[in-house]
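Spelled out from the first residue to the last, the chains are:
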Amino acid sequence: MSLLSLLLAFFVQAASAPLALIPPEPAVEIAPGTFLIRPVPMPGRGPDGNTVIIDAPDGLIVIDTGRHQSQSDAILAFARERKRPIVAIVNTHWHLDHASGNGRIKAAHPKARLYTTTAIDKVIAPGGFLARNLEGAKKMLPSTADPVRKEEIQIFVTTMEASSELRPDVAVSKSGPMQLAGRALDVRVTDRAVSDADVWLFDTATKIAVIGDLITLPVPYFETACPTRWRATLDEVWATPFETAIPGHGRPMTRGDFDTYRQAFGAFVDCTRTDSPAAACGKGWVDGLGPLIRADEQVRKQVQANAEYYVGYLRDNGGKAPDCTAQ
């Protein structure tokens, strides 16, 4: 899979879907004052990441803003309904399905400050991951006939043209307690995991960990990742006394769900570093996840095939993404 193919995989899946955007699910209160907005998968379109909103003393904290306008519209509607300003935005990482809505949120709430790491600087700089793929996307755009695919590519191009909205107002460079909007949170920064530096948060009041793409189902995406540090970060999350984990995509997870994924991830990374056939590693991944993925046989076969692809990808690249400088 080329880098451009990966990028479009973040944004574009099957073509020929309706152009209309599907609104996300209504916000659900998952703990007192903490809400989850889960996007609805849209055939033909790339995903949006989950959004977590914390109603803090000084205003709303929005964690991840999605890709499509339907997600940011839902965030803004939530703020209007509660008659509360958005004063803080946190991006768990720079993948654009978690950050493309930043500009729309800040346009409506100009006092909102973005908290994230400076990992974005590397990928938007000349030769960086997103910059490289922007060149290919611009070349592809004029010849793309399918209207949905064209619109998805345009979303990427438009986001990159305003890439300053992806950069932090407040750079988060180290782990520790932080006051956001008058709310105390334990903010953690990874040293290379899904990307060069990711943010995850633990709220001691609610026992909720918001972990972004440290968990992705049905397979982890390794194209920007350092698997050894990613694995270690999952162990660090596990050592935190959370009761519920909110992944970047999908439903809230219990500690048991999280540990199932953590163990399967470690076993899969270990398998990629052996001479075991890719099919054996892929089957091990599916078996390790157990009930975390649907029991439908066709679905499980597809998940196994996706996992097998990553066996080859990691083996071909020295056990990590080409842009990972850690291992």
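Placed above this text is the structure.
### Structural notes on the overall build of the protein
Phase 1 of the analysis: Helices and strands together make up the secondary structure of the protein, namely 10 helices and 13 strands.
Phase 2 of the analysis: Against the compact-globule benchmark of 20 Å for 327 residues, the protein has a radius of gyration of 19 Å, which places it among compact chains.
Phase 3 of the analysis: Scored against the burial criterion, the 327 residues of the protein give a buried share of 54%.
Phase 4 of the analysis: Considering only intrachain contacts with a sequence separation of at least 6, the fraction spanning at least 24 residues in the protein is 66%.
Phase 5 of the analysis: When the accessible surface of the protein is split by element, carbon and sulfur atoms take 55% of a total near 13500 Å².

### Notes on the state of the cysteines
Phase 1 of the analysis: According to the stated counting rule, one finds 2 disulfides in the structure shown.
Phase 2 of the analysis: Between the sulfur atoms of Cys226 and its disulfide mate Cys324 the distance is 1.9 Å. Taking the sign of the torsion about the S-S bond as the criterion, the disulfide between Cys226 and Cys324, at about 120 degrees, is right-handed. A residue pair is termed long-range when its members are at least 10 positions apart, and Cys226 in the loop between strand S11 (208-212) and helix H7 (227-238) and Cys324 in the segment after helix H10 (297-316) qualify at 98 residues.

### With respect to the packing of aromatic side chains
Phase 1 of the analysis: This model, assessed by the stated rule, comprises 17 aromatic pairs.
Phase 2 of the analysis: When the ring of Trp94 is compared with that of Phe129, the centres are 5.5 Å apart and the planes differ by 50 degrees; the resulting orientation is tilted. Within this pair, whereas Trp94 is found in the loop between strand S5 (86-90) and helix H3 (102-108), its partner Phe129 is found in helix H5 (residues 129-140), the two being separated by 35 residues in sequence.
Phase 3 of the analysis: Residue class for Phe129 comes out buried when judged on its relative accessible area of 2%.
Phase 4 of the analysis: On the basis of an interplanar angle of 70 degrees and a centroid distance of 5.2 Å, the ring pair of Phe242 and Phe258 is categorised as edge-to-face. Of this pair, Phe242 sits in the loop between H7 and strand S12 (244-247) while Phe258 sits in helix H8 (residues 255-272); the two residues are 16 residues apart in sequence, bridging distant segments of the chain. Each member of the pair Phe242 and Phe258 is classed as buried.
Phase 5 of the analysis: Taking NZ or CZ as reference, Arg255 lies 4.1 Å from the ring centre of Trp238, over its face.
Phase 6 of the analysis: Between the NZ or CZ atom of Arg255 and the centre of the ring of Phe242, over which it lies, the distance is 4.6 Å.

### Observations regarding the pattern of salt bridges
Phase 1 of the analysis: Counted under the stated rule, the structure contains 16 salt bridges.
Phase 2 of the analysis: The partner of Asp191 in a salt bridge is Arg192, and the shortest N-O contact between them spans 2.8 Å.
Phase 3 of the analysis: Taking the relative accessible area as the measure of exposure, Arg192 reaches 25% and is therefore partly exposed.
Phase 4 of the analysis: Through salt bridges that share partners, Arg45, Glu151 and Glu152 make up one connected network.

### Quick notes on the packing of H8 against H10
Phase 1 of the analysis: Interaxial distance between H8 and H10 falls to 9 Å at its minimum, and their mutual angle equals 50 degrees. The orientation of H8 relative to H10 falls into the category oblique. Crossing handedness for the pair H8 and H10: right-handed. In this structure, H8 contributes Phe268, Cys271 and Thr272 to the contact, and H10 contributes Ala307, Tyr310, Val311, Leu314 and Arg315.
Phase 2 of the analysis: Here the residues of the contact of H8 with H10 sort into 6 nonpolar, 1 polar and 1 charged.

### Let's talk about the pairing of strand S8 (residues 176-180)
Phase 1 of the analysis: Pairing of S8 with strand S9 (residues 183-189) involves 5 bridges; the strand directions are antiparallel. Bridge assignment links Gln179 to a residue of S9, and that residue is Ala184.

Rules and cut-offs
- Residues numbered from 1 in each chain as written.
- Predicted model: local features only at pLDDT ≥ 70, side-chain atom pairs only at ≥ 80, totals over all residues.
- Heavy atoms only, no water.
- Helix = DSSP H or I, 4+ residues; strand = E, 2+ residues; numbered from the N terminus.
- Rg over C-alpha atoms; globule rule 2.2 N^0.38 Å.
- Buried < 20%, exposed > 50% of the residue type's maximum accessible area, 1.4 Å probe, protein only.
- Contact = heavy atoms within 4.5 Å.
- Areas by Shrake-Rupley, 256 points an atom, 1.4 Å probe, with all protein chains shown as cover.
- Disulfide = S-S within 2.5 Å.
- Phe/Tyr/Trp six-rings, centres within 6.5 Å; stacked < 30°, edge-to-face > 60°.
- Lys NZ or Arg CZ within 6 Å of the ring centre and 35° of its normal.
- Salt bridge = Lys/Arg side-chain N within 4 Å of Asp/Glu carboxyl O.
- Axes fitted to C-alpha atoms, helices over the stretch in contact; angles between N-to-C directions.
- Parallel < 35°, antiparallel > 145°, perpendicular 65-115°, else oblique.
- Left-handed = near helix turned anticlockwise from the far one by under 90°.
- Nonpolar A, V, L, I, M, F, W, Y, C, P; charged D, E, K, R; others polar.
- Pairing = 2+ DSSP bridges.

Shape is all these values report; function is a separate question.
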